[in-house]
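What the coordinates show
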Number of protein chains: 2
Amino acid sequence: MSSGDAIKKKLVESAKLVDSFIDEILTPRRPEVLYDASRHLVLAGGKRLRPFLTLKACEAVGGNPEDAIPFAAALEILHNFTLVHDDVMDNDPVRRGAPTVHTKWGVPIAICAGDLLFAKVFEAMTAYAPKGVSAKRVNTCIEKATKAAIEICEGQVLDVSFPNTSDVSEEDYIAMVGGKTSALFRACAEVGGIVGGGKTRQVNALGKFAWDAGIAFQLMDDYLGATGDEKTLGKPVGSDIREGKKTLIIIHALRKAKPKQRERLLAVLGNHSATRQEIDEIHGLLRDIGSIDYALAKANRYIATSKRRFDALPDSEAKKDLFDLIDYFTNRKY
Amino acid sequence: MSSGDAIKKKLVESAKLVDSFIDEILTPRRPEVLYDASRHLVLAGGKRLRPFLTLKACEAVGGNPEDAIPFAAALEILHNFTLVHDDVMDNDPVRRGAPTVHTKWGVPIAICAGDLLFAKVFEAMTAYAPKGVSAKRVNTCIEKATKAAIEICEGQVLDVSFPNTSDVSEEDYIAMVGGKTSALFRACAEVGGIVGGGKTRQVNALGKFAWDAGIAFQLMDDYLGATGDEKTLGKPVGSDIREGKKTLIIIHALRKAKPKQRERLLAVLGNHSATRQEIDEIHGLLRDIGSIDYALAKANRYIATSKRRFDALPDSEAKKDLFDLIDYFTNRKY
């Protein structure tokens with residue numbers, strides 16, 4: 001079995017533990033429609049990458065991963081709360097192959113469903129905390145989760161308020177990705193470390209590893225979006241271009257392009273009916289400008305930094321799993 | 001000075017303490033627009049009734065109300081988070097005499113602003129908890145606040161999904177008011193009692209007092225809506241009728257009305273251009289059916305039950321303040 005297959009299997013195993021907890025904490029009450037709407041996305045699947053981080057981080061500092069299940073589930077619920085609200089804000093009709101919550105139940109119910117999920121994060125962490133996890137540790141976990149939630153809001157507002165791609169700096173972009181992806185990754189790893197009784201130095205190292213991994217994942221996503229085929233991407237080639245998505249590649253290209261290249265880029269970016277030929281032309285341009293290589297090099301730097309953080313942790317199977325996770329997600333063909 | 005004036009003065013004093021904490025915890029960061037939007041409603045005023053409950057409950061069990069300030073502020077922030085999202089759901093343009101958050105900044109920013117406020121509730125309770133308040137107590141406070149947040153979501157969904165007034169039972173109505181008003185009142189009083197080191201019996205009594213007071217306040221609101229003048233109401237006479245608002249009075253009337261009365265009621269209810277003459281006619285009808293007296297009697301029963309809960313608490317100035325608060329808000333002329 002390749003290390004990729006092994007990681008996939010472990011993700012599925014940990015997802016089962018977490019999913020049954022999520023199912024329990026979202027046990028329907030009145031009004032049913034609220035619970036139907038709240039359960040819809042979070043129980044529709046997902047890779048459960050974030051709870052995996054929490055469980056493995058707990059194990060990596062010598063803790064019992066079972067203690068971390070309510071916390072891992074809480075952080076997955078937090079992630080799903082942000083997705084439900086993001087879909088309302090972006091008016092996205094589909095997520096994970098199913099209609100989004102607001103598409104199915106309308107905006108008011110979707111807002112309430114997100115709010116309920118957010119509340120459940122804290123119910124999971126307090127009312128379900130195992131006896132062995134001290135109140136002080138629980139509080140620190142809540143602080144970490146809250147900090148992430150705040151940064152997610154900040155990242156989302158940066159994202160919706162970037163007026164147009166040509167005004168976004170690389171620094172803004174990294175800040176946005178930090179908020180939208182890395183802040184929660186960091187919280188997941190830190191919370192696992194805290195529940196597991198890790199030393200402050202270890203908890204910090206776990207948080208930093210996950211932060212950098214989050215940026216690397218996003219940059220690899222951008223890279224794949226400009227180089228992958230439809231099967232790898234799970235969406236048509238050129239979707240990022242047609243949607244005018246702000247990626248590091250585009251930001252770099254707009255900064256470095258010659259006037260004629262820039263003009264061509266701006267003509268196709270965000271054009272929903274761009275042809276496949278135009279997409280290929282733009283991908284060629286991005287390669288010529290060096291933007292694709294630039295993003296890949298940057299992603300690789302984040303991967304390397306991320307891995308170096310592990311020096312603070314003793315060798316263990318969990319540490320190896322976290323290592324493999326980075327490789328799996330940054331070399332992914334799924 | 002009347003007890004009403006004394007309470008007003010005390011509300012203003014406690015509001016100052018709480019407001020300066022709210023101002024601090026919402027210190028602007030990037031992106032500025034998110035913080036502007038988050039600060040807009042909560043710092044625009046309000047009676048600060050909920051934090052008052054928390055501070056006084058803390059004092060009533062012998063605690064130091066200063067310890068309760070971050071918790072009182074957190075619960076006021078929780079209240080404001082729900083208002084920001086409710087205004088989006090109900091598409092209300094004005095609140096506290098100012099444009100609502102989504103009117104000023106758009107729906108996406110308003111959703112994020114509400115989410116940020118919700119996150120700040122937990123930041124206030126963990127990162128700002130005074131040293132003297134144990135981690136265990138902090139946890140219990142978070143549990144209480146979370147329970148309230150869940151019930152608020154449930155109440156709000158009941159409210160937005162009641163198809164039309166004629167289908168709403170009195171039981172549904174009380175469940176909805178319980179969620180939308182009493183759940184947070186209860187949490188405010190319980191959290192104050194917990195921070196102050198109250199015995200479980202006292203904390204429970206405080207919670208029950210506040211729950212019943214919340215229902216009484218809402219019923220008195222309904223009563224005033226059908227009997228008050230424009231100055232008392234702060235809005236035109238008959239607003240509840242024109243908006244087709246689900247009040248206990250209307251629910252009772254639709255159940256007890258004779259066919260002709262019912263027909264007349266349904267013709268005017270929810271008619272935004274109903275004349276003052278029609279409103280007077282409906283108010284006359286509601287009186288004839290006995291619905292106005294019914295709501296008043298019910299409110300008085302809740303007030304009496306609410307006050308009886310205080311038997312569990314020793315006499316004190318804070319206990320008297322809570323007593324006066326009920327009288328002030330249920331006999332209010334403001």
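Treat the numbers as computed from the prediction; the structure is a model and nothing was measured. (Residues numbered from 1 in each chain as written. Chains lettered and ligands numbered in written order. Predicted model: local features only at pLDDT ≥ 70, side-chain atom pairs only at ≥ 80, totals over all residues. Heavy atoms only, no water.)

A word on the packing of aromatic side chains
Scanning the model with the defined rule gives 14 aromatic pairs over all chains in all. Taken together, a centroid distance of 3.6 Å and an interplanar angle of 10° make the contact between Phe122 of chain A and Phe122 of chain B stacked. Note that Phe122 of chain A is positioned in helix H6 (residues 107-127) and Phe122 of chain B in helix H6 (residues 107-127), a pairing that runs across two chains. Of the two residues, Phe122 of chain A and Phe122 of chain B, both sit in the buried class. Ring centres 4.5 Å apart and planes at 45° place the aromatic pair Phe209 of chain B and Phe310 of chain B in the tilted group. Highlighted residues: Phe209 of chain B in helix H9 (residues 200-227) and Phe310 of chain B in the loop between helix H15 (291-308) and helix H16 (317-330), separated in sequence by 101 residues. (Phe/Tyr/Trp six-rings, centres within 6.5 Å; stacked < 30°, edge-to-face > 60°. Helix = DSSP H or I, 4+ residues; strand = E, 2+ residues; numbered from the N terminus. Buried < 20%, exposed > 50% of the residue type's maximum accessible area, 1.4 Å probe, protein only.)

Regarding empty space enclosed by the protein
Enumeration over the complete set of coordinates arrives at six cavities of 30 Å³ or more. As a volume, the largest cavity reaches approximately 80 Å³. Forming the walls of the largest cavity are Phe81, Thr82, His85, Asp86, Met89, Phe118, Ala149, Ile152, Cys153 and Gln156 of chain A together with Cys112 and Asp115 of chain B. Every element with two or more residues in the lining of the largest cavity is listed here: helix H4 (69-90) and helix H7 (135-161) of chain A together with H6 of chain B. In terms of residue count, H4 of chain A provides more of the lining of the largest cavity than any other element does, five residues in total. For the lining of the largest cavity, a count of residues per class yields seven nonpolar, three polar and two charged. (1 Å grid on protein atoms, 1.4 Å probe; cavity = no way out; pocket = protein on both sides within 12 Å on 5 of 7 lines; lining within 4 Å. Points joined across faces, edges and corners; volume = space filled by probe spheres on them. Nonpolar A, V, L, I, M, F, W, Y, C, P; charged D, E, K, R; others polar.)

What about the relation of the copies chain A and chain B?
Superposing chain A onto chain B takes a rotation of 180° combined with a translation of 0.0 Å along the rotation axis, leaving an RMSD of 0.0 Å. The superposition of one copy onto the other is thereby described by a two-fold rotation axis. No C-alpha of chain A approaches the rotation axis more nearly than that of Ala135 of chain A, which lies at 2.7 Å. (Least-squares fit on C-alpha atoms with pLDDT ≥ 70 in both.)

Details of the packing of helix H1 (residues 3-25) of chain A against helix H3 (residues 49-60) of chain A
Residue and element names in this part refer to chain A. Viewed as axis vectors pointing N to C, H1 and H3 meet at an angle of 90°, and their least axial separation amounts to 9 Å. For the element pair H1 / H3, the angle class is roughly perpendicular. In this structure, H1 uses Ile7, Lys10, Leu11, Ser14 and Val18 to contact H3, whose residues at the interface are Leu49, Pro51, Phe52 and Leu55. (Axes fitted to C-alpha atoms, helices over the stretch in contact; angles between N-to-C directions. Parallel < 35°, antiparallel > 145°, perpendicular 65-115°, else oblique. Contact = heavy atoms within 4.5 Å.)

Structural notes on the pattern of salt bridges
Counted according to the given criterion, the structure contains 56 salt bridges over all chains. Across the pair Arg30 of chain A and Asp172 of chain B runs a salt bridge, and its minimum N-O distance is 3.2 Å. Within this pair, whereas Arg30 of chain A is found in the loop between H1 and helix H2 (32-42), its partner Asp172 of chain B is found in helix H8 (residues 170-195), the two belonging to separate chains. A relative accessible area of 17% places Asp172 of chain B in the buried class. Taking the shortest distance from any N to any O, the salt bridge between Glu281 of chain A and Arg264 of chain A comes out at 2.7 Å. Of this pair, Glu281 of chain A sits in helix H14 (residues 276-289) while Arg264 of chain A sits in helix H13 (residues 259-268), and the two are 17 residues apart along the sequence. The class of Arg264 of chain A is partly exposed, set by a relative accessible area of 29%. Several salt bridges converge on common partners, so that one network encompasses Lys10, Lys56, Glu59, Glu317 and Asp321 of chain A. (Salt bridge = Lys/Arg side-chain N within 4 Å of Asp/Glu carboxyl O.)

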